[in-house]
Amino acid sequence: MSLVRCNECHASIPVPDSLQARTMKCSYCGAVVSVPDLAEREAAMLERRRLEVYERDLAIAAAHRRDEAAREAARDHREHKERRSSTRWGRVFTLTSMLLAPVIVSITVFDLPARLGFGDAGQDRLKIVAAQLAERGCHVVVPAASLYATGTVSQLVPPAAAGQAGCLRVLAAGGPSHTALTVRLFDLDSKAITKSESSSDPQAETCVSQEGSLRYEVVLGVAAKGRLTHMAVRCPQAPAAEGASAPPAPSAPSAPERRGKKR
Ligand SMILES: [Zn+2]
């Protein structure tokens, strides 16, 4: 502790240690004098304040950096999770589309129009044959029906009305993808009566008088699918074939007919 002399009474006055002190009071005469090292004290005070501000700034910057780092870590974590999950979904979608693509392409490009009912179903060819048969006195018992088929088509034929006995003839015609259709006829016991040749427009006929309903099937070629048309007519029995069983001639009239139409 340093001492200074009082200006008034020359008593010794201890200089206060505190930096904030700017004046001191003589304890003998009560005179107030300023501290001797006021300029140094003020400089020290300024320096201390500057240091305080500097330290506060440092602390704020450090806290800011800490917050920033925490936020960044959280963001990284979130992004990593999102990336991982999006990668997983991406993989699932890729696999699914790889599996589905050929199916979609085949349906869209090759099969969809047929499924929607567009394109040749053979109905034009069948109409011409039916018109010819009508001239011969045949009448329709199962109207022509066009459909998209991927498997055997089965159809019931109502029994002939009294006085309408004759030969039942089943006609079928396929679109471009059906080149090996077969028509098969079955009796009431599901016993096969007759079967046509394999062709793009087969016909099968039976002249045996039947009681009850008959049934016919249009059998597709291997792996064939597409549109086809089928119908059944009942024709008066030709006088020459009286008493004879089903003549094996059904495919004969259709062959020249088809050629005539196409070329
Ligand atoms: Zn004094």
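Conventions adopted
- Residues numbered from 1 in each chain as written.
- Predicted model: local features only at pLDDT ≥ 70, side-chain atom pairs only at ≥ 80, totals over all residues.
- Helix = DSSP H or I, 4+ residues; strand = E, 2+ residues; numbered from the N terminus.
- Buried ≥ 20, exposed ≤ 12 C-beta atoms within 10 Å, placed from the backbone.
- Contact = placed C-beta atoms within 7 Å.
- Pairing = 2+ DSSP bridges.
- Axes fitted to C-alpha atoms, helices over the stretch in contact; angles between N-to-C directions.

Asks: Please give an account of the overall build of the protein that cites residues and values.
Replies: The helix and strand inventory of the protein stands at three helices and 12 strands. When each of the 263 residues of the protein is scored for burial, the buried share is 19%. For the protein, restricting intrachain contacts to residue pairs at least 6 apart in sequence, the fraction spanning at least 24 positions comes to 67%.

Asks: Pulling in residues and values, what's your account of the environment of A232?
Replies: For A232, the position within the fold is in strand β12 (residues 226–235). On the neighbour-count criterion, A232 (24 C-beta atoms within 10 Å) is buried. In sequence terms A232 and L168 are 64 residues apart; their C-alpha atoms lie 7.0 Å from each other. Look past the residues within four positions of A232 in its chain and what remains in contact with it is V141, V142, V157, L168, R169, V170 and Y216.

Asks: Describe in detail unusual backbone geometry, supporting the description with residues and values.
Replies: Here H10, not a glycine, exhibits a phi torsion of approximately 60°, which is positive. With respect to the helices and strands, the residue H10 is situated in the loop between β1 (3–5) and β2 (12–14). With phi around 65°, S190 is a residue other than glycine that occupies positive phi space. With respect to the helices, strands and loops of the structure, S190 is situated in the loop between β8 (182–186) and β9 (192–195).

Asks: Give a detailed account of the sheet that holds strand β10 (residues 203–206), specifying residues and quantitative values.
Replies: The four strands are arranged β5-β12-β7-β10 in an open sheet whose pairing can be described as antiparallel. Edge positions in the sheet fall to β5 (139–149) and β10, since each has one partner strand and no second. Strand-to-strand, the axes of this sheet are offset by a mean angle of 10°, without reference to chain direction. Judged from the eight bridges that link them, β5 and β12 form a sheet pairing that is antiparallel. Bridge pairing in β12 links L147 to L228. On the sheet, helix α2 (residues 123–135) packs against β5, β7 (167–174) and β12 and is oriented at approximately 10° with respect to β12.

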